[in-house]
Amino acid sequence: MQITLSSGKTIPMEMHKVRIVQQTWLHPIDRRHRAMQEAGFNTFLLRSRDIFLDMLTDSGTNAMSDNQLAAMMVSDDAYAGSESFFKLADAVKEMLGFALTIPVHQGRAAEHLIAKTFVKPGQACIMNYHFTTTKAHFEMAGGVVLELYQDEALKTQSDNPFKGDIDLDKLTKTIDELGAENVAFIRMEATTNLIGGQPFSMRNLQAVREICNQHNIMLVFDGSLLMENAFFIQQREQPERNVADIAREMMTMVDLYYMSARKGPAVRGGMIAMNDQALFDRLLPLVPLFEGFSTYGGMSTKEIEAMAVGLREMLSGDIAGSGAEMVAFFVRRMVEENLPVVTPAGGLACHVDVSRFLPHIPQTEYPAGALAAAFFLVSGVRGMERGTISTDRDIDGNDVPAGVELMRLALPRRVYTMSHIEYAVDRLKWLFEHRELVRGLTWISEPPVLRFFFGRLAPIGQWDVQLRKAFCTEFGDDAM
Ligand code: F0G
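Residues numbered from 1 in each chain as written. Predicted model: local features only at pLDDT ≥ 70, side-chain atom pairs only at ≥ 80, totals over all residues. Heavy atoms only, no water.

1. Considerations on the overall build of the protein chain
When helices and strands are counted, the protein chain shows 19 helices and 16 strands. The C-alpha atoms of the protein chain give 22 Å as radius of gyration, which agrees with the globular expectation for 480 residues (23 Å, within 12%). Oriented by its inertia axes, the alpha-carbon framework of the protein chain measures out at about 65 × 55 × 45 Å. The buried share among the 480 residues of the protein chain stands at 59%. For the protein chain, the exposed surface amounts to about 19100 Å²; the carbon and sulfur share of it is 52%. Distance between charge centres in the protein chain, computed from 47 positive and 60 negative side chains, equals 4 Å. (Helix = DSSP H or I, 4+ residues; strand = E, 2+ residues; numbered from the N terminus. Rg over C-alpha atoms; globule rule 2.2 N^0.38 Å. Buried < 20%, exposed > 50% of the residue type's maximum accessible area, 1.4 Å probe, protein only. Areas by Shrake-Rupley, 256 points an atom, 1.4 Å probe, with all protein chains shown as cover. Lys, Arg positive; Asp, Glu negative; His and termini not counted. Charge placed at Lys NZ, Arg CZ, Asp CG, Glu CD.)

And the structure:
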């Protein structure tokens, strides 16, 4: 919910009370510097104890509700036939309209099973945009990932409300060229993560569905960020409807739904859902092999209980947009301070536009990784590189420059406050004023797949030392 103040400004209004809190620490810069060095200038390798505000991800880090915690206490730990599973299946049926549910341990587990079952070597997996784990799984199964986004998608400054739309002309042309039999499926990712949490429109989804019908192609839907996409459709396309209705209509167009439940439903798990028994029968044999029996799928039954509650809560009016509204506030404050940021504001995170923040660093020296390291150094805030480091090399071993070079500052839902956001914006402003001190990164050790997770890097020319000096000159040696 947004509240308009008497000054005319709007602010996000949290429609919840905070009853349980967790301590966090803001350590002096020398400790943060040591921590960054030990982490190989990769924010994934930092330890929680060294971090002040953790904006790495909104995955598995969201605050649960009292009703979710209460539901966990009454879970049924049966290996097979757990009552907790049937509560989840009921919630899926009621909120999303799917009769068949397969729990899995998280979103990428769903991608793994879908890739193994539906992707044949050489087949095209067409999508509006990839997610890192999605691409890795589909390619590992021999698929070819084709992203058919509109030109606007990669423009970081835009007022296009639906940058996540698939380009329908490119889609028809691609299917005609390839032949429908060479297309494994079309995948629509809600609130497209890697281009800044940008939604697609209901109109676009309807058009994709029609194209799928014409060519008898399966429509796969990644709903990890469903609640934000449905919320944006309500805000930007269908203001007369409620979010739950919008989500249910979206689902009527989907053959195979999957999600990471670590975001909207705020639990540690995921699922695949569908109405077609034949699809279910093809997936089912792999479930006990890779996940667990089909009524728990690698999840704890406590989390399954909480997921049933979370699915209902995430599509309710006050909760659906609560994360996106905090993000919108973050982005607005960035714009007010003239800091380069992706617009319009998306779901899940504030995305700093690194190509405008550090234009002097070439993509071969990983500016987004450098910014994430520099920002941690001067603030204790952990962000995530979403640029060329996150894009693995091609089969010839060449770096693939990312379409957009971003630092993501994710906002775990119902965890951080406006003061936290103000602090992050202030330190980013300081860093922007000293941006010429930040230089690139070079590899110390580079894993072959999903290198952003475990790769270790070093600053080119020890710029970290200069940056720290500048910070201490202004804020003092013990400065926070
Ligand atoms: N699809 C999307 C759109 C995602 O954002 C994620 C995860 C996944 C699939 C995989 O799900 O993590 O449960 O295995 N996104 C997290 C992030 C990791 O930080 O944005 P998972």
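Picking up after the structure, the text goes on.
2. A short note on the pairing of strand β9 (residues 256-260)
In terms of burial, β9 is largely enclosed, as five of its five residues are buried. Here β9 shows a buried face lined by L256, Y258 and S260 and a second buried face lined by Y257 and M259. Bridge analysis of strand β8 (residues 219-222) against β9 gives three bridges, and the strand direction is parallel. What sits directly across from F221, in β9, is Y257. Relative to strand β10 (residues 270-274), β9 runs antiparallel, the two being bridged by five bridges. Paired with M259 across the two strands is M271, which belongs to β10. (Pairing = 2+ DSSP bridges.)

3. Focus: the side chain of S379
If you trace the backbone, S379 turns up in helix α16 (residues 367-379). Overall, the relative accessible area of 0% leaves S379 in the buried class. In this structure the side chain of S379 is engaged in a polar contact, spanning 2.9 Å, whose partner is the backbone nitrogen of V381. Leaving out residues up to four positions away in the same chain, S379 has contacts with L26, R32, F52, Y423 and R427. (Polar contact = N/O pair within 3.5 Å; in protein donor to acceptor, adjacent residues only side chain to side chain. Contact = heavy atoms within 4.5 Å.)

4. Considerations on the sheet that holds strand β14 (residues 406-410)
A sheet is described by the order of its strands in space; here three strands give the open sequence β11-β14-β13, paired in antiparallel fashion. Among the strands making up the open sheet, the edge pair consists of β11 (349-353) and β13 (384-386). Direction aside, the axes of adjacent strands within the sheet are offset by 30° on average. Alignment of β13 against β14, held across three bridges, turns out to be antiparallel. When the bridges of β14 are listed, M384 appears paired with R408. Most of the contacts of helix α14 (residues 322-336) go to β11, to which it runs at about 25°, and overall it touches β11 and β14. (Axes fitted to C-alpha atoms, helices over the stretch in contact; angles between N-to-C directions.)

5. Let's talk about the domain arrangement of the protein chain
Once the domains are mapped, the protein chain shows domain 1 (2-58 + 320-475) and domain 2 (66-318). On a C-alpha basis, the centroid separation for the pair domain 1 and domain 2 is 27 Å. The interface of domain 1 with domain 2 comprises 29 residues on the first partner and 34 residues on the second. When domain 1 packs against domain 2, the two sides together hide about 2500 Å² of surface, and 56% of this comes from carbon and sulfur. Contact with domain 2 buries area across many residues of domain 1, yet A320, P344 and R413 alone supply 24% of it, more than any other trio. (Domains from an automatic or database assignment. Buried area = accessible area lost by both parts, 1.4 Å probe.)

6. Comments concerning the site of the ligand
The environment of the ligand is made up of 16 residues, and the closest members are T57, R108, D222, S260 and R408. Within the side chain of D222, an N or O atom sits 2.6 Å from a nitrogen atom of the ligand. In isolation the ligand offers 470 Å² of accessible surface; the protein chains occlude 96% of this area. Per-element tally for the shell around the ligand: the top contributor is helix α4 (residues 107-118), with three residues. Across the shell around the ligand, the residue classes tally to one nonpolar, eight polar and seven charged. (Near = heavy atom within 4 Å. Nonpolar A, V, L, I, M, F, W, Y, C, P; charged D, E, K, R; others polar.)

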